[in-house]
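Chains, contacts and geometry: an overview
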Amino acid sequence: MKITDLRVHTVAVPIEATIRHSNGAHHGRFIRTIVELETDSGLVGLGEMGGGGASAQASLEALRPYVIGHDPFRFETLWAKLNNPTASLYNDRRQQHAALEFACLDLVGKHLGISVSELLGGRLRDDVPFASYLFYRYADAATGASEVRTVDSVVAHAAELKKAHGFASHKLKGGVFPPQHELDCYLALAEAFPEDQLRYDPNAVLTVRESIEFGRAIQHLTTNDYFEDPTWGLNGMRQVGAEVPLRMATNTVVVGFEQLATNVRDPACDVILLDTTFWGGVRRCIKAAAVCETMQTEIAVHSSGELGIQLATMLHLGAVLPNLTFSADAHYHHLVDDVIVGGKMEYVDGAIAVPTGPGLGVELDHDRLAEWKSLYDEIGGYAYDQDPGRPGWVPMVPQTSFADPARETAPRSMRDS
Ligand SMILES: [Mg+2]
């Protein structure tokens with residue numbers, strides 16, 4: 001089998017509201033770049049990539065000479081072509097590789113008539129549980145989706161998501177407001193949902209001292225999954241972990257094998273969050289999970305914002321990892337639509353079924369694709385690292401200029417930015 005064509009599409013798919021994080025916000029939509037690889041056998045494989053509010057189309061189209069003529073079965077060759085460890089010092093293509101690897105996995109699965117999880121070792125589970133992934137958010141001018149800012153609104157939002165999707169674990173995305181306010185929110189979640197698991201992730205903006213104070217204030221809870229990137233860096237994480245009896249988790253400072261080796265030799269993080277794009281593909285996540293299994297380092301499945309194609313890679317990954325014991329993260333429930341046939345996948349009791357069809361088990365809905373491509377053409381991308389409600393503000397690590405939780409914010413439309 002040889003790849004004969006590469007097609008790339010950029011889409012803007014609306015989310016329910018502008019959701020806030022330590023670096024700014026997702027401005028009312030996700031910008032995702034969709035890849036189609038066609039082969040001489042007529043099969044089409046699907047891939048997907050993010051880009052922090054920007055299209056990755058040009059960077060993927062630039063890889064046409066590497067991809068045309070490639071045999072999708074040659075996974076290690078594709079990695080070496082794009083990410084030779086010294087050549088890639090000039091061009092880091094891990095995420096582009098991931099999008100192309102997804103499409104190759106899809107092609108190989110379709111060629112063999114088996115699903116990607118069967119190809120990658122065989123499913124251990126038929127569905128993957130997810131956490132609620134709670135964001136602070138601006139009220140949405142278009143949909144009326146309510147602002148999430150106060151303690152009460154965080155708890156109400158969690159209750160609404162739990163009711164709609166059945167989540168039994170909740171992740172509070174923080175780093176937006178001062179730590180004391182986010183701590184109040186976290187403790188209120190623990191009180192409101194005593195049976196559910198919790199995790200907090202301020203995207204590394206706290207100082208070591210603030211992280212230790214936060215950790216000590218939640219360490220009495222029996223429902224903490226882990227303390228995710230409270231502060232920046234392996235050395236910062238190690239200092240926090242030495243002072244608080246919580247599992248330290250990261251998706252920022254262990255996203256490759258060199259960092260993983262360093263973390264094994266001088267442990268700083270207890271839980272490695274495997275992201276099928278940040279790590280450069282599904283197969284690399286499985287390799288990393290095997291190292292972690294050997295070293296008794298825990299793992300979970302991370303979300304960097306996804307439509308159904310990337311969600312399928314997360315589901316197939318989650319299905320084959322023997323050492324997966326935490327629920328996964330997904331931004332997926334914030335979306336209002338998808339680009340796959342059948343529309344959005346459904347949560348049942350907080351979990352999503354692993355697709356069973358050949359390859360990734362999802363197909364492009366060309367009408368939806370056209371609709372969300374035209375929305376992208378109309379409104380374009382956004383700056384992931386800017387807060388639309390705080391013009392001129394610059395995201396810092398550590399953060400010393402948090403948003404004011406007492407200040408009511410104006411509703412925002414994705415067309416505002
Ligand atoms: Mg994180």
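Residues numbered from 1 in each chain as written. Predicted model: local features only at pLDDT ≥ 70, side-chain atom pairs only at ≥ 80, totals over all residues.

1. Points about the overall build of the protein
When helices and strands are counted, the protein shows 13 helices and 14 strands. Here the protein has a C-alpha radius of gyration of 20 Å; the compact-globule value for 417 residues is 22 Å, and the two agree. Referenced to the eigenvectors of the C-alpha coordinate spread, the extents of the protein come out at roughly 60 × 50 × 40 Å. Buried positions account for 53% of the 417 residues belonging to the protein. Sequence separation of 24 or more characterises 74% of the internal contacts of the protein that already satisfy a separation of 6 or more. (Helix = DSSP H or I, 4+ residues; strand = E, 2+ residues; numbered from the N terminus. Rg over C-alpha atoms; globule rule 2.2 N^0.38 Å. Buried ≥ 20, exposed ≤ 12 C-beta atoms within 10 Å, placed from the backbone. Contact = placed C-beta atoms within 7 Å.)

2. Re helix α11 (residues 282-295)
Between the first and last C-alpha of α11 there are 20 Å, a value that for 14 residues agrees with the 20 Å anticipated at 1.5 Å per step. Those residues of α11 not exposed but buried are Val282, Arg283, Arg284, Cys285, Ala288, Ala289 and Cys292. Where the residues of α11 are buried, they touch α3 (75-83), α4 (94-112), α10 (257-265), β12 (271-274), β13 (298-301) and α12 (308-320). Of the residues one or two after α11, Gln296 is the one with positive phi, at around 60 degrees. (Expected span 1.5 Å × (residues − 1).)

3. Side note on the domain arrangement of the protein
Taken as a whole, the protein is organised into domain 1 (3-116 + 367-379) and domain 2 (118-360). Its C-alpha centre places domain 1 at a distance of 23 Å from the equivalent point of domain 2. At the interface, 45 residues of domain 1 touch 42 residues of domain 2. Elements represented by at least two residues in the side of domain 1 that touches domain 2 include exactly β1 (3-14), β2 (19-21), β4 (29-39), β5 (44-49), α3, α4 and α13 (366-379). When residues in the side of domain 1 that touches domain 2 are grouped by element, the largest group, 13 residues, is from α4. Tallied by class, the residues present in the side of domain 1 that touches domain 2 amount to 21 nonpolar, 15 polar and nine charged. (Domains from an automatic or database assignment. Nonpolar A, V, L, I, M, F, W, Y, C, P; charged D, E, K, R; others polar.)

4. Overview of the packing of helix α8 (residues 208-218) against helix α9 (residues 234-243)
Two measures define how a pair of helices packs: the angle their axes make with one another and the distance between the axes. Contact geometry of α8 with α9 gives a least axis separation of 9 Å together with a crossing angle of 30 degrees. Judged by the twist between their axes, the crossing of α8 over α9 is right-handed. Across the interface between the two elements, Val208, Ser211, Ile212 and Gly215 of α8 pack against Gly236, Gln239, Val240 and Glu243 of α9. Looking at side-chain class alone, the contact of α8 with α9 contains three nonpolar, four polar and one charged residues. (Axes fitted to C-alpha atoms, helices over the stretch in contact; angles between N-to-C directions. Left-handed = near helix turned anticlockwise from the far one by under 90°.)

5. Here we look at the sheet that holds β5
The strand order across the open sheet built from three strands is β1-β4-β5, with neighbouring strands paired in antiparallel fashion. The open sheet has two edge strands, β1 and β5, and neither has a second partner. Within the sheet, the average angular offset between the axes of one strand and its neighbour, ignoring direction, is 20 degrees. Of the strand pairs in this sheet, β4 and β5 are connected by six bridges, and their pairing is antiparallel. Across the sheet, the residue bridging to Val35 is Gly47, located in β5. Contacting β4 and β5, α4 runs over the sheet at an angle of about 155 degrees to β5. Of the strands in this sheet, β1 and β4 are in contact with α13, which crosses β1 at around 65 degrees. (Pairing = 2+ DSSP bridges.)

6. Side note on the nonpolar core
Within the largest apolar cluster, 113 residues are counted, with the highest numbers of intra-cluster contacts made by Ile272 and Leu274. When residues of this core are assigned to their parent elements, the largest contribution, nine residues, is made by α4. Two domains each donate at least three residues to this core, and these are domain 1 (3-116 + 367-379) and domain 2 (118-360). If near-sequence neighbours (up to four positions away) are discounted, Leu274 is found in contact with Trp279, Cys285, Ala288, Ala289, Ile299, Val301, His302 and Leu317. (Core = buried A, V, L, I, M, F, W, Y, C linked by C-beta atoms within 7 Å.)

7. Some remarks on the environment of Thr150
Examined against the element boundaries, Thr150 turns out to sit in the loop between β7 (134-135) and α6 (151-165). Note on Thr150: 18 C-beta atoms within 10 Å, which makes it partly exposed. Separated by 104 residues in sequence, Thr150 and Val254 place their C-alpha atoms 32 Å apart.

8. What about the pairing of β12?
Two faces, one strand: in a regular strand the side chains alternate between the faces of the sheet. Neither face of β12 is left uncovered, since the one carrying Val271 and Leu273 and the one carrying Ile272 and Leu274 both have all their residues buried. Read from strand β11 (residues 248-250) through α10 to β12, the crossover connection turns out right-handed. Here β12 pairs with β13 via four bridges, running parallel. Opposite Leu274, over in β13, you have Val301 as the bridge partner. (Right-handed = clockwise from strand over helix to strand, strands pointing away.)

9. A few points about the sheet that holds β11
Within the open sheet, the seven strands sit side by side as β7-β8-β9-β10-β11-β12-β13. Their pairing is parallel. Single-partner strands in this sheet number two, and they are β7 and β13. In the packing of α11 onto the sheet, contacts are made with β12 and β13, and the angle to β12 comes to roughly 170 degrees.

10. Focus: the packing of α6 against helix α7 (residues 179-192)
Relative orientation of the contacting elements α6 and α7 amounts to 45 degrees, with a least axis distance of 9 Å. With respect to their mutual orientation, α6 and α7 come out oblique. Here α6 and α7 pass one another in a crossing that is right-handed. Residues Val151, Val154, Val155 and Ala158 of α6 pack against Asp184, Cys185, Ala188, Leu189 and Ala192 of α7. Within the contact of α6 with α7, the residues separate by chemical class into eight nonpolar, no polar and one charged. (Parallel < 35°, antiparallel > 145°, perpendicular 65-115°, else oblique.)

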